[in-house]
There are 2 protein chains.
Amino acid sequence: MNIHDKRTPLSVTTGPIGKSRKLYSSPEGRPDIRVPYREIALDPSSGEAPLRVYDPSGPYGCENFTPDLSAGLPAARPWLATRAGLEAYQGRAVKPEDNGFAEGERLVPPCPAERKLYRAAGAAPVTQLEFARAGIVTEEMIYVAHRENLCRERALDAAKERIADGESFGADIPEFVTPEFVRSEIARGRAIIPANINHPELEPVIIGRNFLVKVNANIGNSAVTSSVAEEVEKMVWASRWGADTVMDLSTGRNIHNIRDWIIRNASVPIGTVPIYQALEKVGGDALKLDWEVFKDTLIEQAEQGVDYFTIHAGVRLAFVPLTANRVTGIVSRGGSIMARWCLSKHKESFLYERFDEICDIMRKYDVSFSLGDGLRPGSNADANDAAQFAELETLGELTKIAWEKGCQVMIEGPGHVPMHKIKANMDKQLKACGEAPFYTLGPLVTDIAPGYDHITSGIGAAMIGWFGTAMLCYVTPKEHLGLPDRDDVKTGVITYRIAAHAADLAKGHPAARERDDAMSRARFDFRWNDQFEIGLDPDTARQYHDETMPKEAHKVAHFCSMCGPKFCSMQITRDLREEAKEIEAREKGMAEKAEEFMEKGAQIYVRG
Amino acid sequence: MNIHDKRTPLSVTTGPIGKSRKLYSSPEGRPDIRVPYREIALDPSSGEAPLRVYDPSGPYGCENFTPDLSAGLPAARPWLATRAGLEAYQGRAVKPEDNGFAEGERLVPPCPAERKLYRAAGAAPVTQLEFARAGIVTEEMIYVAHRENLCRERALDAAKERIADGESFGADIPEFVTPEFVRSEIARGRAIIPANINHPELEPVIIGRNFLVKVNANIGNSAVTSSVAEEVEKMVWASRWGADTVMDLSTGRNIHNIRDWIIRNASVPIGTVPIYQALEKVGGDALKLDWEVFKDTLIEQAEQGVDYFTIHAGVRLAFVPLTANRVTGIVSRGGSIMARWCLSKHKESFLYERFDEICDIMRKYDVSFSLGDGLRPGSNADANDAAQFAELETLGELTKIAWEKGCQVMIEGPGHVPMHKIKANMDKQLKACGEAPFYTLGPLVTDIAPGYDHITSGIGAAMIGWFGTAMLCYVTPKEHLGLPDRDDVKTGVITYRIAAHAADLAKGHPAARERDDAMSRARFDFRWNDQFEIGLDPDTARQYHDETMPKEAHKVAHFCSMCGPKFCSMQITRDLREEAKEIEAREKGMAEKAEEFMEKGAQIYVRG
């Protein structure tokens, strides 16, 4: 990686993960749809085909990709340029307040990458939901079907052997994903493909309970420490380790231009919380917020290509007093901004009152809703309380409105919840919100471990993912303490990939165990290099191994440093199998002899 | 810390954790029973009493303790010296093979700390189980009752406010622990106090489903890297961060003498796997193992003061073929040693056949059984299979025999289990083993993350702890890759403290939320120092915070680096509360005016 000064971002992390290869595959007859995956070659001694794994790293994960941040990524969705129902138009002009009035040296230059700007031309389908309802299978649907299947093909071959397994709590994961299945799931609101028509660089991702569990990572500039290159690199770095979507939670100066650089270079869906920028535009005073500035911000960000917006429209005036006796009050930034607005003005939230108009704007660009949980609990003490569930019911109402308006919707969830209260969150969400995808932060199952909240929340995330949550928002070790650095982001993403994969396994995803079993076979065969490569983080695994056993010869050693050669249980098992075979052969030999003996009349002395 | 050369261990880590104080408290009328705890003073602005937390750090956690490793720790159980039913005797002489025939420079000197050696004198009660059944409440029972209650006293005060909460899956955790409750739980085999009569340094710990969930950490020398000081320090270090018991899994030379150093300086129960040393004594050849060498090893280690033995007596000849088609075969070292012995000789395991005699030896010293799961799965693919559950049924049989013989018993469990198969492990164990405490390793809920197996297993550990597991054996980030260093041990222990605490919370332990709520209040009040101190790892929390906001003034800042001052949701909530109070006051004022108005006859114009 090469981080330059903030005005000239030139380089980010590239190249394959470990010794794997990034490849693309197209569904039959659709060479224009190029679906990425990662292939991990295994040692020839294994006799196994390479392992295919899902990969959100974008072109950055390819061997010979040289990014040009100023030009942005090539279009991964070339079909958008000719899609019916869209019209090109002249967008909103950038205003000084979009960048926090940054000027001169302090102004980050806009990203020079130019894209034609589109919006819905009329009432013809433009969102994935509208297409789905109209019975139309989009390229995005074909794309995600192929993408979700990549790791399933081998499993299908082995289907006869596969034991149906898992407890899905009502999820209905198919053996094989067809584009038609994707369409039907989107049509009934049970899955979304967040994909703004102005984000052609996007590699489509599906978020829904009947698909692989996804992971989101948050990034954001901070007033002092960040440069543009760092911001783009954060997104690249997070998706490299497995973030399926990235939320840009930036505040402060240059927010518009930095977002431009990020989106033009993002192959993952980008989410934002527009109220943050709206608040910047009114100088940070929540009471100055109004519909006009918010509407302006929605259009600004929709035109840039943001794929989903967190909208805290469920924080209603009547719910604010329900938080009065909480231990930690309101902990969502968006939630507290809106609560303050409502309470001080003693007026209903303009987000709630103008929800129809918000939908109309978001539909035009197919920006998906991520209905924010502004009243989520900030501590185990406040979990599952009246405020939280009142808001959830409102999010259910709003979901139906958004669906009527043609918008895709997912629902945000907590937060801080002890283990025994997690399932109720999932059950209530499914019921209140008509099975719209749930997107939760953790939840943290205890509050006593600052510095380890990737773990306290990874426990809750794995469980709620199993119960049906479609996307898990990561938490880093710095949560509650400070801003995550590169290592923290990587640790957070990998922890959440663990949680998401554990959930897929437990739900009985038909192909989830492929990778686990490949790892287990590599363990049993002492294929050390394969173990490193199959894992989520080959670099760390290799490094940990080499700390104790650094020599190259140790990579084929039939033991490891834990037990040493004399005590190796796996080696003993292998010996056992050999012995068992010998014993079996011997016994078989004896049995054959016995049979022969009986056939010959059971005479002790055979006449010569 | 100060690690000297291997022949002269002089120093280990001492001093309080963070800014807390290690204190002792005695039950009324029993000044001889000194029960440790840790007290965390909170900022005076909080108006809160200091927080008391459970503490296994031993005297090492005290402010002014200077350890003398050669003398060993002072007796924490002085009453043993006068306990009826015990006889002092001359123990077994140390043999060259006990230390792997190490000689001269290579021989670690024995620990000079001398202790009188005891054993059961006859049929009078000697184990905690025998006392409990005889209706006798021992000092150990009083000790653990007081210890478990420390964090409950305040909860009791607040009992009226406390909402009954949690799902205990049949566990029956009392509001307050009486010594009689402890006795009854031990009498029915549902809890154990592993406490060898030759380990007077021990601070008693209770392990059972109706008590706080406990954590074990494994340590062990390795042929090359370890010295005596390092071994003692590993134990001290692990218990400092929260290990309630420590297993010494050493192999190789000097195993006897190193164990001596460890036990004489251990305030936590020490467990071992005697078959490891027995195998050393026969030169590492499993086929040379026999009852005599094993028996000799049991006596040797019982006399040293080991508190619990892992005995793999459930690995029966008939079960070995059940592992033949597994993906990872047998992964327990003890299990594979016994499987090899059984299969090669085609004989039933001598551990199974001599189980009565093993009980007789262990009873004499009150060494608790940890019945080993030699056939536990080594991968998600092998979880809950016929081999695993056949062994579990056998462990149930053996539990009943051990109980008849007066021995305390816990049962070891897996291992590698996907989330949806965890509960079946707990349910089957409770049923098969008559509710004897379950003691599991993890389980790891996926196999794809070498380098992060503290997390993959921490997820499973939290869940199985919630379901009823009494003690969780930790896993470090180095699992499957190499030997853990200090940082790995700390990370492993803290991850498992998170899992254990999350389980206590979810079970509805009456006092578990005390610490979470204290943390949450500190968060809401921006008491940064309190947040660090209340957490499991004050040093790391403080360091993470200071990376972004280093100044002392920031420790009282009413915001943090995540949102900055303008966006702080907690600050907004505080403001909201103030505003709400004002509004309430204003409205109350108006109401009072209205009332006055009505009282005066609702006349618009009051005559002057």
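Note on numbering: residues in each chain are counted from 1, in written sequence order. Written order determines the labels here, with chains lettered from A and ligands numbered from 1. Reporting in this predicted model follows two pLDDT cut-offs: at least 70 for local features of residues, and 80 or more for side-chain atom pairs to be given and counted; totals over whole chains, interfaces and linings ignore these cut-offs and use all residues. Each side-chain value is derived from all of the structure's non-hydrogen atoms; neither hydrogens nor water enter the calculation.

Under the annotation held in an unreviewed UniProt entry, chain A carries the name Phosphomethylpyrimidine synthase and is attributed to Methylocystis iwaonis. UniProt positions are given in the numbering used here, feature names are shortened, and annotations may be inferred rather than shown by experiment. In its Catalytic activity (unreviewed entry) section, UniProt records this for chain A: "5-amino-1-(5-phospho-beta-D-ribosyl)imidazole + S-adenosyl-L-methionine = 4-amino-2-methyl-5-(phosphooxymethyl)pyrimidine + CO + 5'-deoxyadenosine + formate + L-methionine + 3 H(+)". Quoted straight from UniProt, the Pathway (unreviewed entry) entry for chain A says "Cofactor biosynthesis; thiamine diphosphate biosynthesis."

Teacher, can you tell me more about the interface of chain B and chain A here?
You'll often see interface size given as the accessible area lost when the parts meet. We call two residues in contact when some of their heavy atoms are within 4.5 Å. Taken together, the contact between chain B and chain A spans 103 residues of the former and 102 residues of the latter. Throughout this description, the term salt bridge denotes a Lys or Arg side-chain nitrogen within 4 Å of a carboxyl oxygen of Asp or Glu. Salt-bridge contacts for glutamate 547 of chain B lead to lysine 478 of chain A; the nearest nitrogen and oxygen are separated by 2.7 Å. Any N or O atom pair separated by 3.5 Å or less is treated as a polar contact, with the protein-specific requirement of one donor-capable and one acceptor-capable atom, and with residues adjacent in sequence counted only for side-chain atom pairs. Our enumeration of links across chain B and chain A arrives at 20 residue pairs in polar contact (both at pLDDT 80 or more). Residue composition of the side of chain B that touches chain A, grouped by class: 47 nonpolar, 32 polar and 24 charged. Three residue categories are used. Nonpolar comprises Ala, Val, Leu, Ile, Met, Phe, Trp, Tyr, Cys and Pro, charged comprises Asp, Glu, Lys and Arg, and polar comprises the others, including Gly.

Looking at this model, I keep getting lost on the pattern of salt bridges. Mind explaining?
One pass over the full model with this rule turns up 96 salt bridges over all chains. For the salt bridge of glutamate 435 of chain A with arginine 209 of chain A, the shortest nitrogen-to-oxygen distance reads 2.5 Å. One end of the pair, glutamate 435 of chain A, is in the loop between α13 (422-432) and β14 (438-441); the other, arginine 209 of chain A, is in the loop between β7 (207-208) and β8 (214-219), with 226 residues separating them in the sequence. A relative accessible area of 7% means that arginine 209 of chain A is categorised as buried. Between aspartate 530 of chain B and arginine 527 of chain B there is a salt bridge, with its nearest N and O atoms 2.8 Å apart. Side by side, aspartate 530 of chain B and arginine 527 of chain B carry an identical accessibility label, which is buried. Among the charged side chains, a network of salt bridges with common partners joins Arg92, Lys95, Asp98, Arg259, Lys281, Asp296 and Glu300 of chain A. The helix and strand labels rest on DSSP assignments: H or I over at least four residues marks a helix, E over at least two residues marks a strand, and numbering proceeds from the N terminus. Relative accessibility decides the category of a residue: with a 1.4 Å probe and only protein chains considered, values under 20% of the type maximum give buried, values over 50% give exposed, and everything between is partly exposed.

Help me understand the sheet that holds strand β1 (residues 21-25) of chain A in this model?
Sheet strands pair via backbone hydrogen bonds, and the direction of the pair is either parallel or antiparallel. Residues and elements named next belong to chain A. The three strands are arranged β1-β2-β3 in an open sheet whose pairing can be described as antiparallel. Whereas interior strands pair on both sides, the edge strands pair on one side only; in this sheet they are β1 and β3 (51-53). Taken pair by pair, the neighbouring strands of this sheet meet at an average axis angle of 40 degrees, ignoring direction. Relative to β3, strand β2 (residues 35-40) runs antiparallel, the two being bridged by three bridges. Across the sheet, residue arginine 38 finds its bridge partner in β3, namely valine 53. Each pair of strands is called paired provided DSSP finds at least two bridges between the two strands. For helices, the axis comes from a line fit to the C-alpha atoms of the stretch in contact; other axes are also lines fit to C-alpha atoms, and the angle between any two N-to-C directions lies between 0 and 180 degrees.

Even after reading the chapter, I still don't get the nonpolar core, so can you show me in this structure?
Across soluble globular proteins, nonpolar side chains have a tendency to be buried as a group. Of all hydrophobic cores here, the largest spans 297 residues; its most connected members are Phe369 and Met419 of chain A together with Phe369 and Met419 of chain B. Phenylalanine 369 of chain A has contacts with Phe309, Ile311, Phe355, Ile358, Cys359, Met362, Ala402, Cys407, Gln408, Val409 and Met410 of chain A, leaving out every residue within four places of it along the chain. In plain words, nonpolar cores are sets of buried Ala, Val, Leu, Ile, Met, Phe, Trp, Tyr and Cys residues tied together by side-chain atoms within 4.5 Å.

Hey, could you run me through the side chain of asparagine 210 of chain A in this one?
All names here are of chain A. With respect to the helices and strands, the residue asparagine 210 is situated in the loop between β7 and β8. Reaching out from asparagine 210, the side chain makes a polar contact with the side chain of glutamate 185 at a distance of 2.8 Å. In this structure, asparagine 210 is in contact with Ala171, Asp172, Ile173, Pro174, Phe181, Glu185 and Arg190, ignoring residues within four places of it in sequence.

Honestly, the UniProt feature "binding site: Zn(2+)" (unreviewed entry) in chain A in this entry has me stumped. Any pointers?
Feature annotation in UniProt places "binding site: Zn(2+)" (unreviewed entry) on His416 and His480 of chain A, given in this structure's numbering. Across 65 residues of sequence, these annotated residues stay compact in space, with a maximum C-alpha separation of 12.2 Å. In this structure, histidine 416 of chain A sits in the loop between β13 (409-413) and α13. When its relative accessible area of 7% is taken as the criterion, histidine 416 of chain A is described as buried. Once residues lying within four places of it in the same chain are set aside, the contact partners of histidine 416 of chain A are Pro377, Gly378, Ser379, Asn380, Ala383, Pro443, Leu444, Asp447 and His480 of chain A together with Arg523 of chain B. Polar contacts involving the side chain of histidine 416 of chain A include one to the main-chain carbonyl oxygen of glycine 378 of chain A, which spans 3.4 Å. Position of histidine 480 of chain A among the secondary structure elements: in the loop between β15 (471-473) and α15 (486-507). Using a relative accessible area of 13% as the deciding quantity, one classes histidine 480 of chain A as buried. At 2.8 Å, the side chain of histidine 480 of chain A and the side chain of aspartate 453 of chain A are in polar contact.

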